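Descriptive structure summary
Listed here are the chains, written in short residue letters.
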Amino acid sequence: DSGVTQTPKHLITATGQRVTLRCSPRSGDLSVYWYQQSLDQGLQFLIQYYNGEERAKGNILERFSAQQFPDLHSELNLSSLELGDSALYFCASSVTGGTQYFGPGTRLTVL
Amino acid sequence: SQQGEEDPQALSIQEGENATMNCSYKTSINNLQWYRQNSGRGLVHLILIRSNEREKHSGRLRVTLDTSKKSSSLLITASRAADTASYFCATVALIANTGNQFYFGTGTSLTVIP
């Protein structure tokens, strides 16, 4: 158990909908990272937050947004969902620059 | 892009043999890390090697780093069926005004046949 929790585990929704994925980092970790993993794209870095502030952006679509709250949990919002958004979404936390601890992931299926 | 590239993409070996995976990257790094992912699960950290280190061991794992060639290798000795997984390298670079950035490679899929 990495100490990082993600909810929900599975999410099935329809195209055009909006969903929110939630992540709670390990106790004491200020950095939260979001990744998307699909069969054809591999592990893609989306965005990083550090202590509530956006720190870095990767291949995150404009339809996606994220935030980190004062209690350090983070949410990833995905809107106007398309079939191609179906993927595993991972959250990871770290003490900046050190080991990343990954959550179990949320499997999103868009029908 | 800083993204690392693992080689080979896929590797299949017999139990008891050694497995070697390579990772190449493009720019300067602070450290390089190797992660393992079982199918559909989150990545698990295996080992970290700093830019001023050349070799590191952890159990059956041996990692080397050659910063002049911008490459690293992960050796798993005496492989077991339970080592079957995907292995990713991640480079960590200090980016001005941004802090430490992680870049994951494309992964090597290892199958160990009992």
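A brief look at the structure comes next. All residue numbers refer to positions counted from 1 along the written sequence of the respective chain. By the order in which they are written, chains take letters starting at A while ligands take numbers starting at 1. Given that the model is predicted, a residue must reach a pLDDT of at least 70 before its local features are reported, and side-chain atom pairs must reach 80 or more before they are shown or counted; all residues, however, enter totals for whole chains, interfaces and linings. The side-chain numbers reported here are obtained from all heavy atoms of the structure, hydrogens and water having been left aside.

**Considering the sheet that holds strand β6 (residues 55-58) of chain B**
In any sheet, the strands associate via hydrogen bonds between backbone groups, in a parallel or an antiparallel arrangement. Residue and element names in this part refer to chain B. Quick note on the threshold: Criterion used throughout: strands pair if DSSP finds at least two bridges between them. In this text, helices come from DSSP runs of H or I with a minimum length of four residues, and strands from runs of E with a minimum of two, each type numbered from the N-terminal end. Between N-to-C directions, angles cover 0 to 180 degrees, with each direction set by a line fitted to C-alpha atoms, over the stretch in contact for helices.
Strand order in the open sheet formed by 5 strands is β1-β3-β8-β7-β6, and the pairing between neighbours is antiparallel. Each edge of the sheet is formed by a strand with only one pairing partner; in this case those strands are β1 (5-7) and β6. Here the strands of the sheet are splayed against their neighbours by 15° on average, with no regard to which way each runs.

**Some remarks on the interface of chain B and chain A**
Defined as follows: For this analysis, residues touch if any pair of their heavy atoms sits within 4.5 Å. As a working definition, buried area equals the accessible area (1.4 Å probe) given up by two parts on being put together, with both sides summed. The salt bridge definition used is simple: a Lys or Arg side-chain nitrogen within 4 Å of an Asp or Glu carboxyl oxygen. Pairs of N or O atoms are called polar contacts if they sit within 3.5 Å, as long as, within protein, a hydrogen donor faces a hydrogen acceptor (for residues adjacent in sequence, only side-chain-to-side-chain pairs). In this count, Pro and Cys sit with the nonpolar residues alongside Ala, Val, Leu, Ile, Met, Phe, Trp and Tyr, while Asp, Glu, Lys and Arg are called charged and the others, Gly among them, polar.
Taken together, the 19 residues of chain B in the interface contact 19 residues of chain A. Summed over both sides, the interface of chain B with chain A buries roughly 1400 Å², with 54% coming from carbon and sulfur. Considering only the side of chain B, the residues that lose the most area to chain A are B:Leu43, B:Phe102 and B:Phe104, jointly responsible for 33% of the buried surface there. Between the two partners, chain B and chain A, sit 0 salt bridges. Remark: the boundary between chain B and chain A carries 3 residue pairs in polar contact (both at pLDDT 80 or more). Among the elements of the structure, β4 (31-37), β5 (43-50), β9 (85-95) and β10 (99-104) of chain B are those that each provide at least two residues to the side of chain B that touches chain A. The element contributing the most residues to the side of chain B that touches chain A is β10(B), with 5 residues. The class makeup of the residues in the side of chain B that touches chain A is 7 nonpolar, 11 polar and 1 charged.

**Observations regarding the state of the cysteines**
Residue and element names in this part refer to chain B. In plain terms, the rule: Put simply, a disulfide is two cysteine sulfurs that come within 2.5 Å.
What the rule picks out here adds up to 2 disulfides over all chains. A sulfur-sulfur separation of 2.0 Å characterises the disulfide bridge that pairs Cys 23 with Cys 89. Because the torsion about its S-S bond is 60°, the bridge between Cys 23 and Cys 89 counts as right-handed. Note that Cys 23 is positioned in strand β3 (residues 19-24) and Cys 89 in strand β9, a separation of 66 residues in sequence.

**Quick look at the environment of B:Ser39**
All names here are of chain B. Going by this rule: Buried, partly exposed and exposed residues are distinguished by accessible area as a fraction of the type maximum, computed with a 1.4 Å probe on protein chains only: under 20%, between the cut-offs, and over 50%, respectively.
Counting through the fold element by element, Ser 39 comes out in the loop between β4 and β5. Of the residues examined, Ser 39 reaches a relative accessible area of 75% and is grouped as exposed. Remark: the alpha-carbon pair of Ser 39 and Met 21, spanning 18 residues in sequence, is separated by 18 Å.

**Some thoughts on the packing of aromatic side chains**
This is how the line gets drawn: Aromatic pairing here means that ring centres of Phe, Tyr or Trp (its six-membered ring) are within 6.5 Å. Orientation follows from the plane angle: under 30 degrees is stacked, over 60 is edge-to-face, and everything else is tilted. The criterion for a charge sitting over a ring is simple: Lys NZ or Arg CZ within 6 Å of the ring centre, and within 35 degrees of the ring normal.
All chains considered together, the criterion is met by 9 aromatic pairs over all chains. Relative to B:Tyr35, the ring of A:Phe102 lies with its centre 5.9 Å away and its plane at 75°, an arrangement referred to as edge-to-face. Residue A:Phe102 is found in strand β10 (residues 101-102), and its partner B:Tyr35 is found in strand β4; the two belong to separate chains. For B:Tyr35, a relative accessible area of 0% translates into the label buried. Each member of the aromatic cluster is reached from another via a ring pair, and the members are A:Tyr35, A:Phe45, A:Phe90, A:Phe102, B:Tyr35 and B:Phe104. The positively charged end of A:Arg26 is found above the aromatic ring belonging to A:Tyr101, 3.7 Å away from the centroid.

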